[in-house]
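A structural walkthrough
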Amino acid sequence: MKKYFIQLILLLSVTISCQNKMEEKFEWLPTESAPSLYPMNIYMGNLYFEDGGSVYIPCSGSAHNGWGNDGSTHTQGEDLKPVPVKLEVTWASYTENKFYTGSWDLPKEKMLKLFQEGVVNYDTKKKETYNQIIVGCAPGGVVVVWMYGAGNQFEIGRYQAHETHIAMSDYVPGNPTANQKEHFAALAKLSPDLEEIRKQKGGIEYGLWDDYRKKYTWRTHIEISNHTFENTSLHMFNGEMEDIFDEPLKKNEFKERAVPKYLSFMLKDIKGKRTVFSLDLDEEEIMGLFKQAEANKPIEIVLRMNENLSNKRLIFKQGEKETPIKKVDLENFWDYD
């Protein structure tokens, strides 16, 4: 009897411990994302918790904020929320004249680990939590979920939605006689410049968002006399971001990452003056360099210049082979106070 009682106490302790772990909460908000050329609108979207509660995913009337970028945020529910375990979303893809829908389980343990580990803010050197869960919707029914915090963003999962039908009387109840094709075509028009870009691309770029997810082993590096590498921010085409400094930057290890679309390099000279180079990369050029690189061989993107910051160059380097990155504005730099 005594043995049975001890076993019961142990079982209850384990159960309570697991329950407490499941109930751990963090301060975050949901938001939406869409490719800049392909506007969409979330008709219904929710992130569900293990206890059955949920928060909705807000969305602007025509979201086209850029793949991986955050969008609308609405304060809702309690400040501290559990880790979501399920995503359901239905959206209108204006450029395709289609509705998509899907429901998927989320990798709770992966998300919980990120929330628990948090991320260090470069400016304050203090640890923060991840404060956004971003749901991206793209043509072809592509759905990607990211977590963001303090300049760092990581993909949580990629999901596939399927086409569905929503009656226009439900979608725009204020205008129940609206014609879907005409209504969507009007909302797909962003600006004359973007319309022209879409035409030049020959239509919707199906598969692009999966191409963005391909990863290569690379890192950034500087070659500048009497300067140290203080900070580097990496923004990748797949929506991921990293802000690297202090010990991780001293190690500066090669890592599997998607192709970068933006890089910043913070340099510090021997007097302690810090300078930041903020560099947008040309998609066609940088994608071409990575795709043509030798497989399974690490890559460096090197910022190289003289000590007085003259003769500035950005180099795509793999072993002894160096290729200058030409379509980049190396004069876009400033002093960091």
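Up top is the structure.
Below is a short write-up of the structure. Just so you know, these numbers come straight off a predicted model, no measurement behind them.

Notes on the overall build of the chain
When helices and strands are tallied, the chain shows eight helices and 23 strands. Projecting the C-alpha coordinates of the chain onto the three principal axes gives extents of approximately 70 × 70 × 40 Å. Each of the 337 residues in the chain was classed as buried or not, and the buried ones make up 47%. Across the chain, every contact between residues at least 6 apart in sequence was considered, and the portion connecting residues at least 24 apart equals 65%. Treating the 41 positive side-chain charges of the chain as one cloud and the 50 negative ones as another, the clouds have centres 4 Å apart.

A look at the nonpolar core
In terms of nonpolar packing, the biggest core is built from 44 residues, with Trp-218, Phe-265, Ile-286, Phe-290, Leu-303 and Leu-314 touching the most fellow members. Residue contributions to this core peak at four residues, all from helix α8 (residues 283–292). In contact with Phe-265, not counting residues within four places along its chain, are Thr-220, His-221, Ile-222, Phe-229, Asn-231, Thr-275, Val-276, Phe-277, Leu-279, Ile-301, Leu-303 and Leu-314. Among the nonpolar cores identified, the runner-up in size contains 33 residues, and Trp-28, Ile-57, Val-89 and Phe-115 belong to it.

Let's talk about helix α2 (residues 108–117)
Residues separated by three or four positions in an α-helix point in the same direction, a consequence of the helix having 3.6 residues per turn. Of the positions making up α2, those classed as buried are Lys-108, Met-111, Leu-112, Leu-114 and Phe-115. Each buried residue of α2 lies within a common arc of 160° when the element is viewed along its axis, so the set occupies one face. Summarising the geometry of α2, the exposed residues directed more than 90 degrees from the buried face are Glu-109 and Lys-113. Directly beyond the C-terminal end of α2, a positive phi value near 65° is found at Gly-118.

Thoughts on unusual backbone geometry
Its identity as a non-glycine residue notwithstanding, Ala-150 has a phi of 50°, on the positive side. Locating Ala-150 in the fold gives a position in the loop between β11 (142–149) and β12 (152–160).

A closer look at the pairing of strand β2 (residues 29–33)
Consecutive side chains of a regular strand alternate in pointing toward one face of the sheet and then the other. Buried residues dominate β2, accounting for four of its five residues. Here β2 runs beside strand β10 (residues 132–138); their pairing, made up of five bridges, is parallel. Opposite Leu-29, over in β10, you have Gln-132 as the bridge partner.

A look at the layout of surface pockets
Considered as a void within the structure, the largest pocket measures approximately 790 Å³ in volume. Around the largest pocket sit 31 residues that line it, and Asn-152, Phe-154, Glu-242, Asp-243 and Lys-255 are the ones nearest its centre. Of all the secondary-structure elements, those providing two or more residues to the lining of the largest pocket are α2, β8 (119–120), β12, β16 (241–245), α7 (246–251) and β17 (255–258). Per element, the largest residue contribution to the lining of the largest pocket is five residues, and it comes from β16. Residues that form the lining of the largest pocket fall into these classes: 10 nonpolar, five polar and 16 charged. Taken as a whole, the second largest pocket spans an internal volume of roughly 440 Å³. Lining the second largest pocket are 18 residues, and of these Ser-36, Leu-37, Tyr-212, Phe-237 and Glu-283 lie nearest its centre. Of all the elements in the fold, those that place two or more residues in the lining of the second largest pocket are α5 (192–200) and α6 (208–211). In the lining of the second largest pocket, the residues fall into 11 nonpolar, three polar and four charged.

Here's the deal with the pattern of salt bridges
According to the stated counting rule, one finds 20 salt bridges in the structure shown. Between Arg-219 and Glu-300 there is a salt bridge, with its nearest N and O atoms 2.6 Å apart. Highlighted residues: Arg-219 in strand β14 (residues 215–223) and Glu-300 in strand β20 (residues 299–304), separated in sequence by 81 residues. You can call Arg-219 buried: its relative accessible area is 17%. Under the relative-accessibility criterion, Glu-300 is labelled buried at 11%.

Here we look at the side chain of Glu-230
Tracing the backbone shows Glu-230 in strand β15 (residues 227–236). Glu-230 gets classed as buried once you look at its relative accessible area, which sits at 18%. Excluding its chain neighbours within four sequence positions, the residues that come into contact with Glu-230 are Tyr-122, Ile-244, Phe-245, Asp-246, Leu-249, Met-266, Lys-268 and Arg-274.

Some words on the sheet that holds strand β3 (residues 40–48)
Within a sheet, each strand pairs with its neighbour through backbone hydrogen bonds, oriented either parallel or antiparallel. Spatially, β4-β3-β6-β7-β13 is the arrangement adopted by the five strands of the open sheet, whose pairing is antiparallel. Looking at strand neighbours, the two that pair on one side only are β4 (54–56) and β13 (162–164), the edges of this open sheet. Ignoring which end each strand starts from, the neighbouring axes of this sheet average 20° apart. Judged from the eight bridges that link them, β3 and strand β6 (residues 86–93) form a sheet pairing that is antiparallel.

Description of empty space enclosed by the protein
Going through the model one piece at a time under the given rule, you end up with one cavity of 30 Å³ or more. Quantified by volume, the largest cavity comes out at close to 40 Å³. Contributing to the lining of the largest cavity are Trp-67, Gly-68, Asn-69, His-235, Met-236, Gly-239, Glu-240, Met-241 and Lys-261. Here the residues of the lining of the largest cavity are counted per class, giving three nonpolar, four polar and two charged.

Calculation rules
Residues numbered from 1 in each chain as written. Predicted model: local features only at pLDDT ≥ 70, side-chain atom pairs only at ≥ 80, totals over all residues. Heavy atoms only, no water. Helix = DSSP H or I, 4+ residues; strand = E, 2+ residues; numbered from the N terminus. Buried < 20%, exposed > 50% of the residue type's maximum accessible area, 1.4 Å probe, protein only. Contact = heavy atoms within 4.5 Å. Lys, Arg positive; Asp, Glu negative; His and termini not counted. Charge placed at Lys NZ, Arg CZ, Asp CG, Glu CD. Core = buried A, V, L, I, M, F, W, Y, C linked by side-chain atoms within 4.5 Å. Arc of directions from axis to C-beta. Pairing = 2+ DSSP bridges. 1 Å grid on protein atoms, 1.4 Å probe; cavity = no way out; pocket = protein on both sides within 12 Å on 5 of 7 lines; lining within 4 Å. Points joined across faces, edges and corners; volume = space filled by probe spheres on them. Nonpolar A, V, L, I, M, F, W, Y, C, P; charged D, E, K, R; others polar. Salt bridge = Lys/Arg side-chain N within 4 Å of Asp/Glu carboxyl O. Axes fitted to C-alpha atoms, helices over the stretch in contact; angles between N-to-C directions.

On their own, these measurements won't tell you what the molecule is for.
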